[in-house]
Protein chains: 2
Amino acid sequence: MTDMINPPYRLLMGPGPINADPRVHRAISAALVGQYDPVMTDYMNETMQLFRTVFQTENEQTFLIDGTSRAGIEAALVSLIKPGDKVLVPSFGRFGLLLQEIAQRAGAEVAVREIEWGTVFTPEQIEQAIVEERPKVLALVQGDTSTTMNQPLEGVGEICEKHGVLFYTDATASIGGNDLKVDEWKIDAATAGLQKCLAGPSGSSPITLSEKAVEVINSRKVIEAGIASKEQVFDEVDRIRSNYFDLAQVMDYWGPSRLNHHTEATSMLYAARECARILSEEGMEQAVQRHYHHGRAMLEGVKALGLELFGDLEHKMNNVLGVYIPEGVNGEDVRAGLLNNFGIEIGTSFGPLHGKIWRIGTMGYNARKDTVLTTLAALEAQLKRSGASVVAGGGTGAAFDYYTEVGI
Amino acid sequence: MTDMINPPYRLLMGPGPINADPRVHRAISAALVGQYDPVMTDYMNETMQLFRTVFQTENEQTFLIDGTSRAGIEAALVSLIKPGDKVLVPSFGRFGLLLQEIAQRAGAEVAVREIEWGTVFTPEQIEQAIVEERPKVLALVQGDTSTTMNQPLEGVGEICEKHGVLFYTDATASIGGNDLKVDEWKIDAATAGLQKCLAGPSGSSPITLSEKAVEVINSRKVIEAGIASKEQVFDEVDRIRSNYFDLAQVMDYWGPSRLNHHTEATSMLYAARECARILSEEGMEQAVQRHYHHGRAMLEGVKALGLELFGDLEHKMNNVLGVYIPEGVNGEDVRAGLLNNFGIEIGTSFGPLHGKIWRIGTMGYNARKDTVLTTLAALEAQLKRSGASVVAGGGTGAAFDYYTEVGI
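Because the structure is predicted, anything quoted here is derived from the model rather than measured.

## Focus: the domain arrangement of chain A
Residue and element names in this part refer to chain A.
Turning to step 1, where the next piece is worked out: Domain parsing of chain A yields domain 1 (20-280) and domain 2 (284-406).
Turning to step 2, where the next piece is worked out: Distance from the C-alpha centre of domain 1 to the C-alpha centre of domain 2: 30 Å.
Turning to step 3, where the next piece is worked out: Facing 29 residues of domain 1, the contacting portion of domain 2 comprises 24 residues.
Turning to step 4, where the next piece is worked out: Note on domain 1 versus domain 2: buried area summed over both sides is about 2200 Å², and carbon and sulfur give 68% of it.
Turning to step 5, where the next piece is worked out: Scanning the region where domain 1 abuts domain 2 turns up zero salt bridges.
Turning to step 6, where the next piece is worked out: Inspection of the domain 1/domain 2 interface yields nine residue pairs in polar contact (both at pLDDT 80 or more).
Turning to step 7, where the next piece is worked out: Taken together, the elements giving at least two residues each to the side of domain 1 that touches domain 2 come down to helix H2 (38-55), strand S6 (143-144) and strand S7 (149-150).

Written as structure tokens, this is what we have:
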């Protein structure tokens, strides 16, 4: 017989998933209630309200998609895009390529602008591409974990508004650890996941939609046949291509009409609600500051070990750092050593960066002083053991100094 | 501040979701590990093996879709169907209508056969429709909770094989509580959910695919742009319309090549694995028998209370019972009374049955003697209180008698 689940101790310092907050583990194991129990619909309403705080929005339509973060991306894009619509994707990493792929599969005509991995776009470059392409939707990743970059979004919403473009952003990797002001920045649709700075497990994707986005989506609404009344007849032409990701129907499930769609993933909702509750209690600004400081301490430590850092450091996310694998060591052997000897996981990378950089995260529950210092101490020991030359005590020393300087 | 999750006590005796097994609550709260940690990939492999037992199959491709049960349905259909393909849906309830809707949105030409809610199709009716329509795919619900009916599937696989049709079934409501022999019955694709007889929370959808189905799906495979090597160039013509539900990519994530797709929903995988472990320990035949006996005790009890039963009782699922709301009482008031006075939930219904029948479930962890007797005692008391005439002691009496007769 297969054994019961009993995972070993792991300190997850990669680009996500990371260790969930113990409060989230407690919440996810709470007893189930029925999907239309007033207790459950209250939990749904509270979850909407809590995620308005996380997204910094007053959007009524702020809720969860039952799936991993890319479920949220696909729900947003397939609901906003009609086949033939033009979508512009400024791509600066793997997740830009993913937006392109998802939009193509949704039937869009996709225009792409690419820049070197490790850099970000200027608002001027984005506006120029909009002028050239005249898209219906701009789909732009905020934080692309593949490159650690954090695309500045300030001003992009105004550009979109000026040119009549809907503005979607994938904030999976950035939200909670970097500023994301949905209303102030005029973002029409944003989606996320729990497994990064929100300190939860993968499997639920928070989403928020502006009134403009809701209008576009609801113009394609069709009530599901099994629950529509006989009088409800719908024009089929613009029907959203997916049932599961039909945000018009999902909104009717989360909204006052409570039309049945899926059966809400109750345990994951409990987890998501707790993730948002923890961040709301801390305050979004404080959470971003926490990620900034611990990310900076990690950066100073890694640099002081004598390692080289990847990408445009002015524009990296607070919560993840790209580090060149030093010459003479095998990157995967070092990662395996950290895991097997110290129980610490750091990340590998994809595409053009594969085999060239590691990615070290300081996010969510793991954006803490003890995790940063422990990881730096272990990294030094493992690198030495693997035959790399490192500055003895340099990593923890520099991190200690940074913490002293900022009073942490 | 919003309070911590602290749900009240509920005994969920509706058509699902139902109370999860306490073992599942313990499993879901286990600590997270990284997605490529050997511990995690071992858990994934074990989960595949355990669900082969549950589906009674040797299909290599047996895994989880990260979403609720309709995510599994859509993944199967959108991956099997190319736009323009013909799909036949014999529909006997709400979930037949859902298959129709999902197949239409996937671009299929859909032929439907409908029968009265509360009845099932004969294999001859299905074969005749296949001969008339010559579909590529037969999409057939096994257990439709909306009507409580359990469509016989034996022999349907042979018919499909004879006519060169792929056979998909939605077993969400039936699996674990009713026979489902994927290999013996020559089913090419089957999907499920955890929230019924599998005794878990909604949010993960187990799926199994025959070699024939895998071949059809893999003929459309395209490696995701962000992780494909430069040499990999793909014909775009037949690309699956969804990225999230692209089973060719999802199989590469679960298989030995471990190509990254989504980040597996670790906590939900822990839950799904435990659901399958519980059933494997019990044995599938024993689990079906347990559902049969407790479902039958509930049926005898409800009948002996003087209530009228819905539908073709020869073909009802073991795990759910349709009961006509007696004249002179308001169905929703009785349900609210049961919930508020006894903490017991029974189900309402959809479409043509809305306001006419309740649905009472005995499934998963709640297919037990104590839950059946408690529900019957509470139902009698609440019906009396609501002004209905019931046979005093009839419900529990008949259930006690049944249990004595079968030695439970």
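## Examining the sheet that holds strand S5 (residues 137-141) of chain A
Backbone hydrogen bonds are what pair the strands of a sheet, in a parallel or an antiparallel way.
Residue and element names in this part refer to chain A.
Turning to step 1, where the next piece is worked out: As summarised here, the arrangement of the seven strands in space is S2-S10-S9-S8-S5-S3-S4, forming an open sheet in which the pairing is mixed. Looking along the sheet, the strands with just one partner apiece sit at the ends: strand S2 (61-65) and strand S4 (109-114). Pairwise comparison of adjacent strand axes, ignoring direction, gives a mean angle of 20° for this sheet.
Turning to step 2, where the next piece is worked out: In terms of strand pairing, strand S8 (residues 166-170) meets strand S9 (residues 189-191) through three bridges, oriented parallel. Each bridged residue has a counterpart across the sheet, and for aspartate 170 the counterpart in S9 is threonine 191.

## Examining the environment of Val165(A)
Residue and element names in this part refer to chain A.
Turning to step 1, where the next piece is worked out: Turning to its location among the elements, valine 165 is positioned in the loop between helix H6 (156-163) and S8.
Turning to step 2, where the next piece is worked out: Taking the C-alpha atoms as reference, valine 165 lies 9.7 Å from leucine 88; in sequence the two are 77 residues apart.
Turning to step 3, where the next piece is worked out: In this structure, valine 165 is in contact with Ile130, Pro135, Lys136, Val137, Leu138, Cys160, Asp188 and Lys212, ignoring residues within four places of it in sequence.

## Brief notes about the pattern of salt bridges
Oppositely charged side chains may form a pair once their charged atoms are brought near each other.
Residues and elements named next belong to chain A.
Turning to step 1, where the next piece is worked out: Tallying each qualifying case throughout the model produces 50 salt bridges over all chains.
Turning to step 2, where the next piece is worked out: Its salt-bridge partner being glutamate 161, residue lysine 186 comes within 3.7 Å of it at the nearest N-O pair. Of this pair, lysine 186 sits in the loop between S8 and S9 while glutamate 161 sits in helix H6, and the two are 25 residues apart along the sequence.
Turning to step 3, where the next piece is worked out: Residue lysine 186 is classed as partly exposed on the basis of its relative accessible area of 33%.

## Observations concerning the packing of helix H12 (residues 369-385) of chain A against helix H13 (residues 394-406) of chain A
All names here are of chain A.
Turning to step 1, where the next piece is worked out: It is at 8 Å that the axes of H12 and H13 come closest, and there the two elements cross at 160°. Viewed along their axes, H12 and H13 adopt a mutual orientation that is roughly antiparallel. When H12 is examined against H13, the residues Lys369, Val372, Leu373, Leu376, Ala377 and Glu380 are found in contact with a partner set consisting of Gly394, Gly395, Thr396, Ala399, Phe400 and Tyr403.
Turning to step 2, where the next piece is worked out: Partitioned by chemical class, the residues of the contact of H12 with H13 number seven nonpolar, three polar and two charged.

Cut-offs and rules
Residue positions are counted from 1 within each chain, in the order its sequence is given. Both sets of labels track the order of writing: A upward for chains, 1 upward for ligands. Local features in this predicted model are restricted to residues of pLDDT 70 or higher, and side-chain atom pairs are both shown and tallied only at a pLDDT of 80 or more, whereas totals for entire chains, interfaces and linings draw on every residue. Water and hydrogen atoms were dropped before computing side-chain values, which therefore reflect all heavy atoms in the structure. Here the bounds of each domain stem from an automatic or database domain assignment. Contact between two residues is taken to exist if any of their heavy atoms lie within 4.5 Å; hydrogens are not considered. Two parts placed together each lose some accessible area under a 1.4 Å probe, and adding up what both lose gives the buried area. Any carboxyl oxygen of Asp or Glu within 4 Å of a side-chain nitrogen of Lys or Arg constitutes a salt bridge here. Contacts described as polar in this section are N or O atom pairs within 3.5 Å, which, within protein, must combine one atom able to donate a hydrogen with one able to accept it, while residues neighboring in sequence count only if both atoms come from side chains. Numbering goes from the N terminus for both helices and strands, where a helix is a DSSP run of H or I of at least four residues and a strand is a run of E of at least two. Pairing between two strands requires that DSSP report at least two bridges joining them. Orientation is described by lines fitted to C-alpha atoms, with helices fitted over the stretch in contact, and by angles between N-to-C directions that extend from 0 to 180 degrees. For each residue, the accessible area found with a 1.4 Å probe, counting protein chains only, is set against the maximum for its type, and the residue is called buried under 20%, exposed over 50%, and partly exposed in between. Orientation categories follow fixed angle ranges, with anything under 35 degrees roughly parallel, anything over 145 roughly antiparallel, 65 to 115 roughly perpendicular, and all other angles oblique. Gly falls in the polar group here, along with every residue not listed as nonpolar (Ala, Val, Leu, Ile, Met, Phe, Trp, Tyr, Cys, Pro) or charged (Asp, Glu, Lys, Arg).

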